[in-house]
Amino acid sequence: MERKIDKATLEGVKYEAKNFKNDSLVKWCPGCGDHAVLASLHKAMAEIGVAPEDTVVVSGIGCSSRLPYYMNTYGFHSIHGRGAAIATGVKTANPDLGVWLITGDGDCLAIGGNHFIHALRRNIDLNIVLMNNKIYGLTKGQYSPTSPRGFVTKSSPFGTVEDPFIPAELVFGARGKFFARSLDVDMKMTQECMISAAKHQGAAVLEVLVNCVIFNNGIHREYSDREIREERTIYLRHGEKMIYGKNKDKGIVLEGLQLKAVTIGQDGYTMDDILVHDAHEPSPVLHTMLAMMQDDMPLAMGVIRDVAAPSYEVAVAQQIAEVQAKSGKETLQQHLNRIATWEVK
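What you see is a predicted model, and the numbers here were worked out from it, not measured in a lab.

(A) Structural view of the environment of Lys 345. Note that Lys 345 resides in the segment after helix 12 (332-338). Taking the C-alpha atoms as reference points, Lys 345 and Asn 94, separated by 251 residues in sequence, lie 40 Å from one another.

(B) Highlighting helix 11 (residues 312-327). Taking 1.5 Å of rise per residue, the 16 residues of helix 11 would be expected to cover 22 Å, and the 23 Å separating its terminal C-alpha atoms lies within 8% of that figure. Remark: Gly 328 follows helix 11 within two positions and exhibits a positive phi of approximately 80°.

(C) Examining the pairing of strand 9 (residues 250-255) more closely. Here 2 bridges tie strand 8 (residues 243-244) to strand 9, and the two strands are oriented antiparallel to one another. Among the inter-strand pairings, Ile 243 is bridged to a residue of strand 9, identified as Gly 251. Two successive antiparallel strands, strand 8 and strand 9, enclose a turn made up of 5 residues, where Gly 245 displays a positive phi of approximately 100°. Sheet topology places strand 9 next to strand 10 (residues 258-263); 6 bridges connect them, and they run antiparallel. By the bridge assignment, Gly 251 is partnered in strand 10 with Val 262. Linkage of strand 9 to strand 10, two consecutive antiparallel strands, is achieved through a turn of 2 residues, within which Gly 256 is found at a positive phi near 65°.

(D) Main features of the pattern of salt bridges. Using the criterion set out here, one finds 8 salt bridges in the structure. The salt bridge involving Lys 18 is made with Glu 16; its shortest N-O contact spans 3.8 Å. Judged by relative accessible area, which is 57%, Lys 18 ranks as exposed. Asp 163 is the partner of Arg 149 in a salt bridge, and the nearest nitrogen-oxygen pair spans 2.9 Å.

(E) Broad picture of the side chain of Ser 78. Mapped onto the elements, Ser 78 comes out in the loop between strand 2 (74-77) and helix 3 (83-93). Looking at Ser 78, its side chain comes within polar contact range of the main-chain oxygen of Ser 59, at 2.5 Å. Excluding residues that lie within four positions of it along the chain, Ser 78 makes contacts with Ser 59, Gly 60, Ile 61, Gly 83 and Ile 86.

(F) Region of the structure containing the environment of Ile 274. If you trace the backbone, Ile 274 turns up in the loop between strand 10 and helix 10 (285-291). Here Ile 274 falls in the buried class, since its relative accessible area comes to 3%. Sequence separation of Ile 274 and Thr 263 is 11 residues, and the distance between their C-alpha atoms is 9.9 Å. Leave out the neighbours within four places in its chain, and Ile 274 touches Lys 241, Met 242, Ile 243, Gly 251, Ile 252, Val 253, Val 262 and Ile 264.

(G) Focus on the packing of helix 3 against helix 5 (residues 113-122). Two numbers describe how helix 3 lies on helix 5: the axes approach to 7 Å, and their chain directions differ by 35°. Packed against helix 3, whose contacting residues are Ala 84, Ala 85 and Thr 88, the element helix 5 presents His 115, Phe 116 and Ala 119 at the interface. Partitioned by chemical class, the residues of the contact of helix 3 with helix 5 number 4 nonpolar, 2 polar and no charged.

(H) Structural context of the sheet that holds strand 8. What the 3 strands build is an open sheet, ordered 8-9-10; its pairing is antiparallel. The sheet is open, and its two borders are formed by strand 8 and strand 10, each paired with just one other strand.

(I) Just the packing of aromatic side chains, in detail. For the structure on display, the rule yields 3 aromatic pairs. Above the plane of the ring of Tyr 312 lies Arg 122, whose end atom (NZ or CZ) is 5.8 Å from the centre.

Rules behind the numbers
Residues numbered from 1 in each chain as written. Predicted model: local features only at pLDDT ≥ 70, side-chain atom pairs only at ≥ 80, totals over all residues. Heavy atoms only, no water. Helix = DSSP H or I, 4+ residues; strand = E, 2+ residues; numbered from the N terminus. Expected span 1.5 Å × (residues − 1). Pairing = 2+ DSSP bridges. Salt bridge = Lys/Arg side-chain N within 4 Å of Asp/Glu carboxyl O. Buried < 20%, exposed > 50% of the residue type's maximum accessible area, 1.4 Å probe, protein only. Polar contact = N/O pair within 3.5 Å; in protein donor to acceptor, adjacent residues only side chain to side chain. Contact = heavy atoms within 4.5 Å. Axes fitted to C-alpha atoms, helices over the stretch in contact; angles between N-to-C directions. Nonpolar A, V, L, I, M, F, W, Y, C, P; charged D, E, K, R; others polar. Phe/Tyr/Trp six-rings, centres within 6.5 Å; stacked < 30°, edge-to-face > 60°. Lys NZ or Arg CZ within 6 Å of the ring centre and 35° of its normal.

As structure tokens, this is what we get:
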């Protein structure tokens with residue numbers, strides 16, 4: 001189920017990226033991947049067509065969470081890890097608003113983890129952009145929940161001794177219905193994923209792999225470098241064959257219960273063996289396998305999961321309307337008079 005078309009679109013209003021920018025000086029380090037995410041969001045919002053005055057951008061705390069300052073929309077720079085809770089309140093109070101939550105791997109998956117998973121479980125109609133640089137940048141280089149085992153940082157001088165979260169795995173475990181992944185350096189892909197997230201009715205998570213030039217430079221280099229990107233990543237599109245590689249000669253097949261990367265035309269594999277991506281399949285099993293591909297497999301990009309389900313704010317609004325229809329309109333005091341009360345002396 002896709003979001004209803006905005007009134008501006010119906011009236012033929014056309015937006016440009018500049019309509020969603022403001023004049024604030026962008027205070028991220030030169031070369032930070034957050035710049036590319038911001039530019040992609042401006043362009044995506046113009047194409048989505050929801051008016052700036054009907055859009056709210058909420059964030060928590062962290063480098064990525066400065067993004068609302070650079071938007072010509074309503075914004076809320078909240079407190080550490082609580083962006084999902086505040087965004088949930090905004091969307092529930094006014095379901096007609098387009099609500100975006102901008103967060104980072106530390107803000108979202110550490111102190112904000114509980115709010116994050118329950119926003120997904122409830123399927124509240126939020127567009128969640130999770131910038132993952134695998135480090136705490138604002139607090140100067142401590143390891144984050146997505147830092148790999150053995151990672152040496154200021155807070156783990158001898159290397160971490162724990163395994164990281166993989167955001168997709170957490171999303172699917174919380175019964176999330178939409179997950180996409182992109183790279184900061186691929187702005188076209190990021191923009192396409194943002195538009196797909198906005199069209200999805202429910203909680204939509206886009207993980208953007210971003211580079212922190214100061215504290216974790218090159219962390220995504222094995223996927224982001226232009227020379228090897230086509231060989232190390234696969235851009236999944238619903239209804240299309242899972243093909244990748246510079247020459248488009250590689251693909252993904254299912255053998256038994258495992259995914260396998262093969263070369264088309266070698267070892268007996270043909271185009272007929274290559275899987276077709278179904279982002280709308282209700283079962284998360286194959287989506288999880290695709291999102292978790294590592295090592296000798298390409299990293300899955302694009303919209304990996306996009307499944308229709310009832311959204312929280314719609315259900316709440318319907319419930320309120322049903323109760324009001326049964327009880328009739330009454331003031332708060334009339335309601336309080338009708339229910340049981342106690343006097344404490």
